[in-house]
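# Chains, contacts and geometry: an overview
Read off the chains here:
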Amino acid sequence: MLLNGTSDDVAALDHRIALTEIRLDQLEVQHAAAVLAEAETRAAHETEQKRRKDLHRKAMKTSAEVAKLADE
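Residues numbered from 1 in each chain as written. Predicted model: local features only at pLDDT ≥ 70, side-chain atom pairs only at ≥ 80, totals over all residues. Heavy atoms only, no water.

Another aspect to go through is the overall build of the protein chain. Along the backbone of the protein chain there are 1 helix and 0 strands. For the protein chain, the C-alpha radius of gyration of 30 Å lies well beyond 11 Å, the compact-globule estimate for 72 residues. Projected onto the principal axes, the alpha-carbon positions of the protein chain cover approximately 100 × 10 × 10 Å. Residues counted as buried form 0% of the 72 residues belonging to the protein chain. Within the structure as shown, the protein chain displays about 6,700 Å² of accessible surface, and the carbon and sulfur contribution to it stands at 60%. Where the 11 positive side-chain charges of the protein chain centre and where its 14 negative ones centre are 15 Å apart. (Helix = DSSP H or I, 4+ residues; strand = E, 2+ residues; numbered from the N terminus. Rg over C-alpha atoms; globule rule 2.2 N^0.38 Å. Buried < 20%, exposed > 50% of the residue type's maximum accessible area, 1.4 Å probe, protein only. Areas by Shrake-Rupley, 256 points an atom, 1.4 Å probe, with all protein chains shown as cover. Lys, Arg positive; Asp, Glu negative; His and termini not counted. Charge placed at Lys NZ, Arg CZ, Asp CG, Glu CD.)

Set out below in structure tokens:
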């Protein structure tokens, strides 16, 4: 097309290339946002799991203490 195309053909191709580059930029931003959201969700999940594990450990300790006091 560049060898035998008109200036309108070249301009149209340049326009398509520019649109494609814009779409790629948009997709990269969306991908980065998705990766960030996934990392934040994973961190929140790990924090919640740690909190639950700590609560479970404390509940088991308290339960053992109650059982010990009940035996006395």
